[in-house]
Amino acid sequence: IHGLVSEGAKKIADSNFRLDYIVAIGDGGLIPARILRTYLNAPILVITVQTCEWGHSYCSGLPSPMPKIVQTIDAETLKDKNILIVDAVDDTRSTLGTVLNELIYTRKDKPVNQWGIFVVHNKKKPKVFEIDAQVMYVACENTDGNTWIEYPWDSKL
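Remember, predicted model here, so these are calculated numbers, not experimental data. (Residues numbered from 1 in each chain as written. Predicted model: local features only at pLDDT ≥ 70, side-chain atom pairs only at ≥ 80, totals over all residues. Heavy atoms only, no water.)

1. Focus: the environment of Val 23
Note the following rule: Here a strand is any run of E in DSSP of at least two residues, a helix any run of H or I of at least four, and the numbering for each starts at the N terminus. Accessible area is worked out with a 1.4 Å probe on protein chains only. A residue is then buried under 20% of its type maximum, exposed over 50%, and partly exposed in between.
Of note, Val 23 is situated in strand E1 (residues 21-26). On the accessibility criterion, Val 23 (0% relative accessible area) is buried. The sequence separation of Val 23 and Trp 115 amounts to 92 residues, and the corresponding C-alpha distance is 10.0 Å.

2. Examining the pairing of strand E4 (residues 82-90)
Residues in a regular strand point their side chains to alternate faces of the sheet. The line we're drawing: A pair of strands is labelled paired if DSSP reports no fewer than 2 bridges between them. Looking down the strands as they point away from you, a crossover is right-handed if its path from the first strand over the helix to the second goes clockwise.
Here E4 lies mainly inside the structure; 9 of its 9 residues are buried. In this sheet, strand E5 (residues 114-124) lies alongside E4 in parallel orientation, the contact comprising 8 bridges. Following the sheet pairing, Asp 90 is matched in E5 by Asn 122. A crossover links E4 with its parallel partner E5, the connecting element being helix H4 (residues 94-105), and its sense is right-handed.

3. A short note on unusual backbone geometry
Negative phi is the rule for most residues except glycine; trans is the rule for most peptide bonds. Residue Asp 27 is bonded to the preceding Gly 26 through a cis peptide linkage, with omega at 20°. For Asp 27, the position within the fold is in the loop between E1 and helix H2 (30-40). Of note, Asn 41 is a non-glycine position whose phi angle comes to about 50°, a positive value. Within the element layout of this structure, Asn 41 appears in the loop between H2 and strand E2 (44-50).

4. Let's talk about the nonpolar core
Grouped burial of nonpolar side chains is what soluble globular proteins tend to show. The test is simple: Buried Ala, Val, Leu, Ile, Met, Phe, Trp, Tyr and Cys residues that are joined via side-chain atoms within 4.5 Å together make up what is termed a nonpolar core. The contact rule is simple, with two residues in contact once any of their heavy atoms fall within 4.5 Å.
In terms of nonpolar packing, the biggest core is built from 23 residues, with Leu 78, Ile 83, Ile 85, Leu 100, Leu 103 and Trp 115 touching the most fellow members. Among the secondary structure elements, those contributing two or more residues to this core are E1, E2, E4, H4 and E5. Dropping the residues within four chain positions of it, Leu 103 is found in contact with Val 23, Ile 47, Thr 72, Ile 73, Leu 78 and Val 112. Within the second largest apolar cluster, 22 residues are counted, among which are Val 120, Met 136, Ile 149 and Tyr 151.

5. A closer look at helix H1 (residues 2-13)
Put simply, the rule is: A helix's residues, less one, multiplied by 1.5 Å, set its expected span. The arc under discussion is defined with respect to the helix axis, by the directions toward the C-beta atoms.
For H1, built from 12 residues, the straight-helix expectation of 16 Å at 1.5 Å per residue is met to within 8% by its first-to-last C-alpha distance of 16 Å. Buried within H1 are the following residues: Val 5, Ser 6, Gly 8, Ala 9 and Ile 12. Relative to the axis of H1, the buried residues are bounded by an arc of 165° and lie together on one face. Looking at the packing, one finds that the buried side of H1 touches H2, E4, E5 and strand E6 (136-144).

6. A look at the side chain of Thr 98
Among the secondary structure elements, Thr 98 is positioned in helix H4. Since its relative accessible area comes to 13%, Thr 98 is described here as buried. Once residues within four sequence positions are removed from consideration, Thr 98 is found in contact with Met 66, Pro 67 and Ile 69.

7. What to know about the sheet that holds E1
To be explicit about the condition: Between the N-to-C directions of two axes lies an angle of 0 to 180 degrees, each axis being a line fitted to C-alpha atoms and, for a helix, fitted only over the stretch in contact.
Across the sheet, 6 strands lie side by side as E3-E2-E1-E4-E5-E6; this open sheet has mixed pairing. At either margin of the open sheet sits one strand with a lone partner, and together these are strand E3 (68-71) and E6. Adjacent strand axes in the sheet meet at a mean angle of 25°, parallel and antiparallel pairs treated alike. Most of the contacts of H1 go to E6, to which it runs at about 150°, and overall it touches E4, E5 and E6. The strands touched by H2 within the sheet are E1, E2, E4 and E5, with E1 carrying the most contacts at an inclination of about 165°.

Structure, rendered in C-alpha cells:
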C-alpha cells in the first residue's frame, strides 16, 4: 500500500495541482491520506461516511444501502481551496459520489477552487457516478471489477 501511494503521490507532485487540503474519506481513506501527507505536506481533513449497516458492508459482500454523510467539513473551510479527496477503493463510486455531492456540487455559494480524487485501487467496472474529465483522478492501481481487495486495516482479528 505504501509503495502504491508513494507512486501516486509522485503523479500529484509532478502535476500543476497545488494542494491546500487532503480530504480523507473515513474510514477507508484515512491511512492512504496519512501516507500521502508524508509526501505532499498538506493538512488532512476528514469527512465520515456511513457505507453500511451492521452486517451489510462492502467487506461482507452483501448489498449496501446508499452511503450517508455522518460528519462533514465546514463549507467556509474549503471555500476557494484546492482539495484532494482520498479513498482506498473506487468500486461502484457510490461513496465518492456522495462525498462529491456534499463537498462540491451542493456548495455553489462557497465553492472550492480546484479538486481532485486519489484512490489506491480503481475497479474497472461501471460506476454509478461520473467524474468530469478535467478533474485530476489518480488511481494508484487498476484492477478488474471482480477482484476482492482486503486492506490491512480491514482485517478482522
